[in-house]
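For reference, the chains in residue letters:
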Amino acid sequence: MIQLFKVCKSYGTNKALDDINLRMRKGEFVFITGPSGAGKTTLLRMIFGTARPTSGQILIDGINLSRIGRLKLDLLRRKIGFVFQDFKLINSKTIFQNVALALEVAGERPAIIRKKTHQALRAVGLSGKEKAFPLELSGGEQQRVAIARAIINEPMLLIADEPTGNLDPDITKEIMVLFRSVNLKGTTLVIATHNRELLKDTGQRIIALDKGRVIEERTG
Amino acid sequence: MIIRLWIYFLKTALANILNNRLIHLISMGTITISMLLFGAFMLLSMNMNNWIRQWGESLSMSVYLNDGIDEKARKEVESAIKNFTGAEIKGFITKEQAIANLKEGLGEQAGLLEGLEDIVLPESYEITFKDRAGSSIDPKVVKSTLEKLKCVDEVQYSQQWVDRFEGVMDMFRVVGLAIGGLLCMAVLFIISNTIKLTIYSRRDEIEIYKLMGATDWFVKVPFLIEGAAQGVMSGIAALLILVLSYSVISLKTIDILGLPVINIAFLSSEGCFFIILLSLVLGLLGGFISIGRFFKS
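Reading the values: rules and limits
Residues numbered from 1 in each chain as written. Chains lettered and ligands numbered in written order. Predicted model: local features only at pLDDT ≥ 70, side-chain atom pairs only at ≥ 80, totals over all residues. Heavy atoms only, no water. Patch = residues over 30% accessible without salt bridge, like charges linked within 9 Å, V, L, I, M, F, W, Y side chains within 5 Å. Areas by Shrake-Rupley, 256 points an atom, 1.4 Å probe, with all protein chains shown as cover. Salt bridge = Lys/Arg side-chain N within 4 Å of Asp/Glu carboxyl O. Helix = DSSP H or I, 4+ residues; strand = E, 2+ residues; numbered from the N terminus. Contact = heavy atoms within 4.5 Å. Polar contact = N/O pair within 3.5 Å; in protein donor to acceptor, adjacent residues only side chain to side chain. Nonpolar A, V, L, I, M, F, W, Y, C, P; charged D, E, K, R; others polar. Pairing = 2+ DSSP bridges. Buried < 20%, exposed > 50% of the residue type's maximum accessible area, 1.4 Å probe, protein only.

Undergrad: Help me get a handle on a nonpolar patch on the surface, residues and values and all.
TA: A cluster of nonpolar residues, Met 171, Val 175 and Ile 179 of chain B, forms a patch on the protein surface that exposes about 260 Å² of accessible area. Along the chain, Val 175 of chain B falls in helix H6 (residues 158-201).

Here is the structure:
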């Protein structure tokens, strides 16, 4: 599903990623961990195509991101869900509109958009909150909206950057349960976190980064 | 699919306009003023052209006589004038009348003539030619024929003024083009900056759209529609104000310097269409410039 070959990324003289070689299988649940500045976000941005490597190759589902055009990258992103620490919701749109946006962008029919949006909101436990605006919800609820939006397209890959960074431990557990249920349906999950509690007894693959290099690979 | 997409674009553009209505209203007001100036200039230019054309078609002449000529010589001039087909003597202007006309023409400035007791203006005949259009009267031949008479000092005709005025009109057209060009640039600048403001106020939203896999055009089209809508609405508003001003101003006819009375005409339907089309093009172009710059950066 995801292959990285000798990937390096530099910002000026600062090396954010250094000679990264990784392979993640389809349906895998992978944690990327490490301290702040280790290169976790940069690695996710590379996989998502919002940043290009200085050298090396990245393949997503067999597509080389270095050789892909702008339009094809847009089309590829429709198959990839994303969840960020700051939720990235549009505050002027309702919860329903925020979630539906992912399908509108893909040119889906209104009837299907309505049906799938309600299904996605039900899956994250937010039925009845369709007409609310993001700022009327709690942090945990906002992150659930972001997850609903990420899964509505039934993506092959879901990327999450510190998805529980702003949430309390109870809500964090709820969000992780949601991620596991998404993974069980066959979606590959890559989650970047520096929260060690999250990695305890997960039974999932953990890749530890430090100063832009992979320093450890283990199962949690 | 395409119809669905365009419905989505139109709804998004409308929502954007409503969400940023103050910015759009200010921008539309400014564009309306610019387009109003542009339309007024078109109207003025068109009427001046018409005026000059009509003026040229209704030939009138002033035949100035030498000083101290007798009744016999005047009769000679009159019969020479009447020999021309369609020529009609509108009046004989005596020296006293000529001075009175001059004073009247000067209005409040007539005081300038006080103290000039010795001022002498020549007597003259005012003549016109009926149905000049279609006739074969050559004003130059009339002028030279009459000036050959001993008692005639000079013959002046309106065509000379028209010819002179044509030069002024050419200059007017060049100035008009320059002002029109500047106004278009101003409108472009206003629209592109308004759209830029709305783009920057929604840059986080655009980033989210792009993260979800929206194509560049999916993001761009609503902004272009915003620009076009701004342009068209401002163009229509400018035209409405122009129509209102035109109907409110009761002076639909003007009589300048005793020349033939003319009607002020409003822009043709093509002229109105041109203003709206120009507004639309400028709006679209303004949108293109700002969204293009945003995506480049």
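On we go from here.
Undergrad: Requested: an account of the interface of chain B and chain A, with residues and values cited.
TA: Taken together, the contact pairs 16 residues of chain B with 23 residues of chain A. The tally of links between chain B and chain A comes to 3 salt bridges. Between Asp 74 of chain A and Lys 210 of chain B there is a salt bridge, with its nearest N and O atoms 3.1 Å apart. At the junction of chain B and chain A, the tally comes to 5 residue pairs in polar contact (both at pLDDT 80 or more). When contributions to the side of chain B that touches chain A are tallied by element, the ones reaching two or more residues are helix H1 (2-19), helix H7 (203-211) and helix H8 (216-248) of chain B. Top contributing element to the side of chain B that touches chain A by residue count: H7 of chain B, with 6 residues. Looking at the side of chain B that touches chain A residue by residue, the class counts come to 9 nonpolar, 2 polar and 5 charged.

Undergrad: Before we move on, can you summarise the pairing of strand E1 (residues 2-11) of chain A with the specific residues and values?
TA: Residue and element names in this part refer to chain A. As paired strands, E1 and strand E4 (residues 55-60) are joined by 5 bridges and run antiparallel to one another. Bridging across to E4, Leu 4 finds its partner in Ile 58. Note: E1 against strand E2 (residues 14-24), 7 bridges, orientation antiparallel. The partner of Tyr 11 across the bridge, within E2, is Asn 14. If you look at the hairpin formed by E1 and E2, you'll find 2 residues sitting between the two strands, and Gly 12 has a positive phi there, around 70°.

Undergrad: Describe in detail unusual backbone geometry, supporting the description with residues and values.
TA: All names here are of chain A. Phi is positive for Lys 88, which is not a glycine, with a value near 50°. Looking at the secondary structure, you find Lys 88 in the loop between strand E6 (80-84) and helix H3 (95-105). Taking relative accessible area as the criterion, Lys 88 reaches 17% and is therefore assigned buried. Positive phi, close to 45°, is recorded for Glu 162, a residue that is not glycine. The residue Glu 162 is located in the loop between strand E7 (157-161) and helix H6 (169-184) in this model. On the accessibility criterion, Glu 162 (10% relative accessible area) is buried.

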